[in-house]
Structures are given as C-alpha cells and as structure tokens.
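Observations on the three-dimensional arrangement
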Amino acid sequence: MGIRIEKNEQENFRKLDEIIERYKNQEGMLIRILQKSQEVFGYLPVKVQAYISEQLNIPISTVNGVVTFYSLFNEEPQGKYVIGVCMGTACYVKGAPEILDAVKDELQIEEEETTMDRLFTLKSTRCIGACGLAPVMTINDEVYGRLTPADIPPILYQYIKTHKKAQVTNENE
Amino acid sequence: MNLQPLRTKEDLQQLRDKTYETISLRIKDTNVEKEINKYHILICAGTGCTSSQSHKVRKKFEEETRKRKLTDKVKFFKTGCFGFCKLGPIIVVHPDKTFYTKVKLENVDEIIDQHIEKGQVVEKLLYKSLKTNELQKTMNDVDFFHGQNRIALRNCGVINPEDINEYIAMDGYQALAEILTKKIAPKDIIETIKKSGLRGRGGGGFPTGKKWEIAASYEGDKKFVLCNADEGDPGAFMDRSILEGDPHSVIEAMIIAGYCINAHQGYIYVRAEYPIAVERLEIAIDQAKKAGLLGNNILDSAFNFDLDIRLGAGAFVCGEETALIKSVMGFRGEPNPRPPYPAEAGLWEQPTLNNNVETFANIPIILRKGPEWYSSIGTDDSKGTKVFALAGQITNTGLIEVPMGTTLRTIIYEIGGGISDGNELKAIQTGGPSGGCIPADLIDTEIDFKSLTDIGSMMGSGGMIVMDQSDCMIDICRFYLDFAQDESCGKCTPCRVGTKRLLEILKNISNGNGEMEDLETLEKLCHDIKDASLCGLGQTAPNPILSTLKYFRDEYIAHIKEKRCPAGVCNGLLQVVISDEKCVACGICARVCPVNAITGENKKPPFHIHQDVCIKCGACIPKCPVDAIYKR
Ligand SMILES: Cc1cc2nc3c(=O)[nH]c(=O)nc-3n(C[C@H](O)[C@H](O)[C@H](O)COP(=O)(O)O)c2cc1C
Ligand code: FES
C-alpha cells in the first residue's frame, strides 16, 4: 500500500517486521511493539506508526493516540546522549531546578529539545529511584548523583570529548 | 543455573535444606575474632548503590580475589537494597556481618588485605554514630536500623535476588507448597489474610482479604491477577526496591492469589524507567518456570498459573487501577468511573484482582507465620509495617520499614538522623501528589492510615519528604500541582481545567501578584475538584494546597500582603540585598550590575541596591569578595 520504504530503511523495517511477527498474536501488545520499534528506530516517525497500524490492522489514530499519551515515546529524533534531569520531589527540594538551568545554560537548549549537532537531548524525568543521591541526572544509562550546578559543564564536556575523539578516529579510518 | 522442576513439597524442602547450608553463613552469629575460613561478601545492587558505582566495586573485588587465588575462600553476591542509600555503596561481609559504608574502588584492596586475609575489621569504613560517635560494626548496631522491622523487605540485603535457590533457602515458596499440597480451601486462606488485618499498600488502604474475597466471588471465563508496580509518586522507590531485592516474594503471592480467586494468568505492570527491576523480574519468572513453580501443573497439583510483565510507558495516571488495566491491554491509560470495580470487570471485562507490590510481598510471610503474628504488629487501625522512602532535607536518606504507629519523631530523629546540616524541621510531606504537608508541631503523630488522613495528609504509597526552612510551601504546592496538571489524562474537565486554574493562582501568588481573595478561590476550587473529578488523581490533587492553607496560611499571607517569600525561594519575590555590616565598599558589584541598580561611594560602605531597578539576575552575588550580597 502507500508506505514507501527507502533503501537505507530496509534493514530497520525488516527488524520491525520481526517485532510485529513476534507479538501480533498476543493480546494487548501494541505498547510493547511500539517500545521495541523505538529501540530500533530511536524514535517513532509517522511512517513507522503508519506501518504498524497497517500491519496490525489498527486505525492509525489509535496508534498515534497511544504514542502521544505516553511520555516514553518520541515522535522526533533524539540526540546521541539523552540527558534526564530528575524532577522528582526529593530532587526538586534538593535543588534540581538549578541543575536543569545549568544544563540549559550550558547547551543553550530548552527541555525536550535537541542540540543542533544532535549530540544532546534534554528532558526532565520523574523519580528514577535514586532519591538518596538527590539531585540526580542521567545521561543515557549513566547516573550522576549529589550534583551541584558547577558539576554540569565538566560532565557534559566529557561526552563532547568522547564524541569528538570517536569522530576523529572514524575519519582516519 | 541448573534448575530441576520441583514435583512435591518434599522436593522443595530438600532444596531448601541444601541451599540453607550454603547461606547459613549469613544468618548465624559469628564474630571475626573466631577462626573464619569462608566469607560471603554481599554488595548492594539496588539502584541507589549502583548509581554510586557498586557494580564497579564488585567487579574489582572479583578480579582481585581471582588474582590472589582466594576464590574458594570468598564469594560475592549481588543483593537488594539495604535502605541506607545515602552511604552507598554498602557492602556486608559475612559471617561476621560487618557493615561497610561508602566503599570505593580504592578500598577493595584494604578490605581483602585486612579483613579477608588477616581477619581484622577495616574501621575507617564502618558507620560512625552521629549521636555517640562510636563505630557501629554490624547492621544491627547501626542507629539507622534501630526501630525498624523489616518484613516486606525481609530478604532485601540478605539474598541474591537473581538466584531462586536463595529465596527458597529463606523458606520461600513454602506457603505456596503448603497450600497446593494440602489443597487448602481458598476461603480459608482468604480468612487468614482478613484476620491478619493487612491493608493495601498502594495508597488506598483497602483491606486485602476483603478484596480477595470479592474477586473470588465473581465468576468469569478467564480471571486475572494484576500487580501494580507503576509506583507513580515522584520521590518514592519502595516497590522498586522490593522488585529489585526480592522479586520472588511478589511472584509467590501472585500465584497464591491466582489459586484463591481461580485465575490462571497474572500480569506485573512495571514502569519502563525501572530497568533493573524489570531485568530481575524477568530472571525470577524464568527461574520460577524452570523450577516448576510457574506454568502448568505447579508442584504436581494440577493448578496452572502463568505470569507476564507489562511495561508502563511513563504516565502517572496509569497507577490508578482502571487506567492501569487499559494500559495493560495496550491502550491509552485513561481511567474509567468505578463501579464496576476491577474485581468485577477488569482486564478484558473479566474479574481482576489488583494489588500493590508491597501488599503482595507481605502475603507469603503472613501465611507462614500466621495472622496473629502479623496483627500483633501495628495499631488498631493499621496492622503490620510500612515501607517509606525517606528523602529531602534529612541526614539519612534511604528506605526504611517501620511498624505502623511509629511516630514521625522516631522516623526523623532516630532513624533519619535529624535534619541535614543541623537545620530545623519545617514540614513533612507524605502521600506524594495526593498527600499533604504535616507541620513540625505534629511530629509526635503515630502514623497509620487513619492518623495521617485525620491530619489532612495521607499514607499514599510511602514517599516521605522532609522539609526545612529553606523550602517554601507555596513553591512545593506549585511543584505538585504542576505535576498533577501535567499528568492529568484530560478525560474529565474538573481535573484537566481545575488543576490548571489552581496552578495559575499559585503562580500569581508566588510572583507577588496574589490577592487575599485568591485564598478563598483556591479553597473553593479545591473542594469542587475533589468532589467532581473522575478518578483519584483529580480527587486528591488539591490535597497539598488544602493542607498548606490549613497549616501554613501565614506563608501565603506573607507572599500576598508583604510580597515576601520567607523561605527565599520564590524568585519573583526575592530581593537581592547587601549586608550593611559586611560591605567593604569595593564597588565590584556596581560594576557588574547590568542595569546599574547598585550605587555607593568607593571605600565608604555600605553600597545599596535600588529594588525598583534591580532585575534580580544575581550576577553581583558571586562577585562580592566578602559574601555581603544575598537573596532574601
Ligand atoms: C492517580 C493515582 C495513582 C496511583 N498510583 C499507584 C501506584 O503507583 N501504585 C499503586 O500500587 N497504586 C496506585 N494507586 C492506587 C491504585 O488505584 C490501587 O488502589 C492499588 O493499586 C490497589 O492495590 P492495594 O489494594 O494493594 O493497595 C494510584 C491511584 C491513583 C488514583
Ligand atoms: S526524586 Fe529524583 S531520584 Fe527520586
């Protein structure tokens, strides 16, 4: 039908087919399929939503309704590193707003935005369960605790450095 | 791990005795002075300690013992949360039960050199009592654990959650085996739970036995057992710690629940933000299946029960049970009016029993030790213990479990070690976004479901945030209302529009644009939203405002009439001022001020900030060489 799959997308859509195949006969698996698809694509563009809707025979409005309801799903591409500043109560009273400001300031982006170079996406998250270390921030899977605003620039710099190094090695190869 | 399916209660008993032998090292009393030739080192692998790099410490320990050929002498185990997250990473060395805090990579060698090779405790890693300055060697010695009674957390920090044998060694699955082998009638089990007095730990406090009885009474083609592990309270991690530290206790309870209500399928709904908990659950379910404790014909009893995990995708309202059910079925998690309750028509319109993680975790031990034992703990109104996540301005942040009826004073000053930096207690927030702020003068309240509701807060799921003079109550309300408004699913108007209005009024007040009439409007609107909202989210969202209007009205009035935020938090009301005494009239501040709001004559203190010009950017504060400038 109407969905055109470009050459460079074929691999991902093949994976998507596998995911759909694996879950489609079980009841109530739409959320799980979307989660797995997001792992493959990094986000859920409308094209992917349309494809899932077609394969599962569910109206696209239902699929999109689910995608927009849950904060876990992104319709926009994400940065290589996703920064989550915990805005849970424990972190909030321990100064999380200042941490968030420090990140915004350093990267010159707002919440839910991605830097121009697609390196960082900034989000505020709910309690991640490390309240004992409040205030807390995550960058992908790494957790940083007991932060002060002054800790932010050096932490971010580490990621920029790693990224640059990787780029240089890639170019040399 | 090589697991054989267990066929009978005797099989289970045999396995228990065999593994008990290996973990008895951790349970019996021994001290280091005795000749010890075997050690078990337990390393906390909960989220808190993992964030403090405990996994790296464990790796280094393992490498180091391999290098030194000590692998026969020392074994390492991951374990669940000890609760003392503030001082993580925590490790405990058995058999002498030495409790080491803040263990860093560089301490690994010392522990091996001194403790393992020479049998001497590494004193500098012991906890030092804040009250007596003594070193406290074992977990039982440490002040933080005095007054605690770990029932739901009984296995957290004792066993390796990724090994079903260790759960079995601690009498796990015995309650289930007893029931299935003796074919105990469901109504007798339900009676036992009713007698124990256990009430739901998910927030509502509904009597658990009664809920099981109702769920059992409805007929259905296919009934379900559901475990609510959505843990929505933003600042709480009780359920997460149980799942990470002792997943089998929840699984065992769910199988028993299935047997009692005649359901053969269960779902655990966990937040996707809890990757470690999800992974441990997956391992636990897999091991239980291999051991013949989940699936068809459990322990040869002809009873079948299967269990699957469903991941939440980040929506607070999905903790509400009717919304949760929608989400498990893969839809938008919007709540439905009750009745019908899930016990009558839940998942796919079938009778569904839904309980919280902590509620389930209490079941196996109640069945094993008897309802009288359980109901002897706690108050008339609420039996047993409750797990709380202690956070905020408190010295010992972490996870605690105390008998119902413990006073807030005991929790904060005995267990929690008092307010951080020696500050003064201002308020305690319980119940998360649905709860309220309890003022310091009610600190002798003995907490249970009823007493907390009586004073305008609620038990909630167990978040407890301690606040001091630096926390502004209006700002905290703003925080919770912002949360409620953000998380409102939008289905019903009172909650969707009402919380937005409440938030607007609060923002006005904190920006200095509040009027005294606003307080009445707030109060009235709060009551309207409470009465008219569809689900618990809207019905309880006004609680933080109502409780602070009751106990901290002065603070609202200061914001409105004096245009002043006593805690110095609300930016709109802050003034940047120069201390007359401290100022040395160097003039640096006047030079950095972007709007020329600061005037004065060099070398003739003090300088002044003209409040009508000042934009409160704070640029001058860090530049002052004598720290004379501050916000108030
Ligand atoms: C907005 C809202 C959020 C809730 N969040 C949770 C939650 O995160 N975990 C939970 O166990 N119960 C939560 N509940 C309560 C559940 O609806 C339900 O009462 C509970 O899971 C029942 O289990 P119990 O009887 O064992 O307490 C929430 C309720 C509301 C209204
Ligand atoms: S509030 Fe931030 S980790 Fe819990």
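Each residue is numbered by its place in its chain's sequence as written, counting from 1. Chain letters and ligand numbers both follow the written order, the letters beginning at A and the numbers at 1. Only residues with pLDDT of at least 70 are given local features in this predicted model, and only at 80 or more are side-chain atom pairs given and counted; all residues enter the totals for whole chains, interfaces and linings. To get the side-chain values, take all heavy atoms of the structure and skip hydrogens and water.

**Quick look at the overall build of chain B**
Helix and strand labels come from DSSP, where a helix needs a run of H or I of at least four residues and a strand needs a run of E of at least two; each type is numbered from the N terminus. Scanning chain B from N- to C-terminus turns up 24 helices and 19 strands. As a reference, a globule follows 2.2 Å times the number of residues to the power 0.38, and the radius of gyration itself is taken over C-alpha atoms. Computed over its C-alpha atoms, the radius of gyration of chain B comes to 27 Å, within 12% of the 26 Å expected for a compact globule of 632 residues. Considering only C-alpha atoms, chain B reaches an extent of 90 × 65 × 40 Å along its principal axes. Within chain B, the fraction of its 632 residues that count as buried is 60%. Across chain B, the fraction of contacts at a sequence separation of at least 24, relative to all contacts at a separation of at least 6, is 70%. For chain B, the accessible surface area stands at approximately 24,700 Å², while carbon and sulfur atoms represent 48% of it. Neither His nor the chain ends contribute to the count of charged residues, in which Lys and Arg are positive and Asp and Glu negative. Think of each charge as sitting on NZ of Lys, CZ of Arg, CG of Asp or CD of Glu. Separation of charge centres in chain B, based on 78 positive and 85 negative side chains, amounts to 3 Å. Exposure categories follow from relative accessible area, calculated using a 1.4 Å probe and restricted to protein chains: below 20% of the type maximum is buried, above 50% is exposed, and the middle band is partly exposed. In this description, contact between two residues means that some pair of their heavy atoms is separated by no more than 4.5 Å. In short, Shrake-Rupley with a 1.4 Å probe defines the accessible areas, and a residue's cover is counted only from the protein chains shown.

**Looking at helix α12 (residues 321-328) of chain B**
In terms of residue burial, α12 of chain B counts as a mostly covered element, since 8 of its 8 residues are buried. Residues of α12 of chain B that are buried: Glu321, Thr322, Ala323, Leu324, Ile325, Lys326, Ser327 and Val328 of chain B. The inward-facing, buried residues of α12 of chain B contact α2 (30-41) of chain A together with α8 (208-217), β7 (224-229), β8 (265-271), β9 (306-312) and β10 (352-356) of chain B. Of the residues flanking the end of α12 of chain B, it is glycine 330 of chain B, one or two places downstream, whose phi is positive at about 95 degrees.

**Observations regarding the site of ligand 1**
Residues and elements named next belong to chain B. We call a residue near a molecule or strand as soon as one heavy atom of that residue lies within 4 Å of the molecule or strand. Taken together, 18 residues sit near ligand 1, with Gly202, Lys211, Gly232, Asn356 and Thr359 positioned nearest. Polar contact is defined as a pair of N or O atoms within 3.5 Å, subject to the rule that within protein one atom must be able to donate a hydrogen and the other to accept it, and that residues adjacent in sequence are counted only when both atoms are side-chain atoms. Here an oxygen atom of ligand 1 sits 3.3 Å away from a polar atom, N or O, in the main chain of arginine 201. Within the side chain of asparagine 355, an N or O atom sits 2.8 Å from an oxygen atom of ligand 1. A total of 610 Å² of accessible area belongs to ligand 1 in isolation, and the protein chains cover 88% of it. At the level of elements, β10 and α20 (536-540) are the ones that each hand at least two residues to the shell around ligand 1. A total of 3 residues in the shell around ligand 1 trace back to one element, the largest contributor, which is β10.

**Remarks on the sheet that holds strand β15 (residues 463-468) of chain B**
All names here are of chain B. Two strands are counted as paired when DSSP detects at least two bridges linking them. Spatially, 5 strands are ordered β12-β11-β15-β13-β14 in an open sheet, and the strand pairing comes out mixed. If you trace the sheet from one side to the other, it starts and ends with β12 (398-403) and β14 (436-439), each paired once. Ignoring strand direction, the axes of neighbouring strands in this sheet form an average angle of 30 degrees. Here strand β13 (residues 425-430) pairs with β15 via 5 bridges, running antiparallel. Paired with glutamine 429 across the two strands is isoleucine 465, which belongs to β15. Simply put, an axis is a line fit to the C-alpha atoms, just over the touching stretch for a helix, and the angle between two N-to-C directions goes from 0 to 180 degrees.

**Some words on the pairing of β9 of chain B**
Side-chain positions along a regular strand alternate between the two faces of the sheet. All names here are of chain B. In terms of strand pairing, β8 meets β9 through 7 bridges, oriented parallel. Within the sheet, the bridge partner assigned to valine 270 lies in β9 and is leucine 311. For the handedness criterion, the strands are oriented away from the viewer, and a crossover whose path from the first strand over the helix to the second runs clockwise is classed as right-handed. In the classification by handedness, the crossover that spans β8, the intervening helix α11 (residues 275-290) and the parallel β9 is right-handed.

**Brief notes about the interface of chain A and chain B**
Counting from both sides, the interface comprises 33 residues of chain A and, opposite them, 53 residues of chain B. Once two parts are joined, some of their accessible surface, as seen by a 1.4 Å probe, is lost; buried area is that loss totalled over both. Of the roughly 3,400 Å² buried between chain A and chain B on both sides combined, carbon and sulfur atoms contribute 55%. When residues of chain A are sorted by the area they lose upon contact with chain B, Phe69, Thr89 and Arg126 of chain A head the list and together hold 22% of the total. Scanning the region where chain A abuts chain B turns up 16 residue pairs in polar contact (both at pLDDT 80 or more). Mapped onto the side of chain A that touches chain B, the elements with two or more residues apiece are α2, α4 (60-69), α5 (89-93) and β4 (142-144) of chain A. Three residue categories are used. Nonpolar comprises Ala, Val, Leu, Ile, Met, Phe, Trp, Tyr, Cys and Pro, charged comprises Asp, Glu, Lys and Arg, and polar comprises the others, including Gly. Residues belonging to the side of chain A that touches chain B are distributed by class as follows: 18 nonpolar, 9 polar and 6 charged.

**Side note on the environment of glutamine 13 of chain B**
Residue placement: glutamine 13 of chain B occurs in helix α1 (residues 9-27). For the pair glutamine 13 of chain B and tyrosine 173 of chain B, spaced 160 residues apart in the sequence, the C-alpha separation amounts to 9.8 Å.

**What to know about the packing of aromatic side chains**
All names here are of chain B. Side-chain rings of Phe, Tyr and Trp (the six-membered ring for Trp) are treated as a pair once their centres are within 6.5 Å; stacked means planes under 30 degrees apart, edge-to-face means over 60, and tilted covers the remaining angles. Counted by the stated rule, this structure contains 23 aromatic pairs over all chains. Relative to phenylalanine 145, the ring of phenylalanine 84 has its centre 6.4 Å away and its plane inclined at 90 degrees; by these criteria the two rings are edge-to-face. Pair noted here: phenylalanine 84 is in the loop between β2 (74-79) and β3 (91-94) and phenylalanine 145 is in the loop between β6 (135-136) and α5 (164-169), with a separation of 61 residues, a long-range link. Of the two residues examined, phenylalanine 84 and phenylalanine 145, each falls in the buried class.

**Describing the pattern of salt bridges**
All names here are of chain B. A pair is scored as a salt bridge if a Lys or Arg side-chain nitrogen falls within 4 Å of a carboxyl oxygen belonging to Asp or Glu. Within this structure, the stated rule accounts for 40 salt bridges over all chains. Close ionic contact of glutamate 162 with arginine 280 constitutes a salt bridge, the shortest N to O distance being 3.0 Å. Here arginine 280 lies in helix α11 and glutamate 162 lies in the loop between β6 and α5, a separation of 118 residues in the sequence. Assessed through its relative accessible area of 17%, glutamate 162 is described here as buried. Between aspartate 188 and lysine 187 there is a salt bridge, with its nearest N and O atoms 3.8 Å apart. Relative accessible area serves as the criterion here: at 38%, aspartate 188 is assigned to the partly exposed category. Among the ionic contacts, a cluster of salt bridges with common partners joins Glu64, Lys67, Arg68, Asp109, Asp113 and Glu117.

All quantities given are derived from atomic positions and should not be read as evidence of function.
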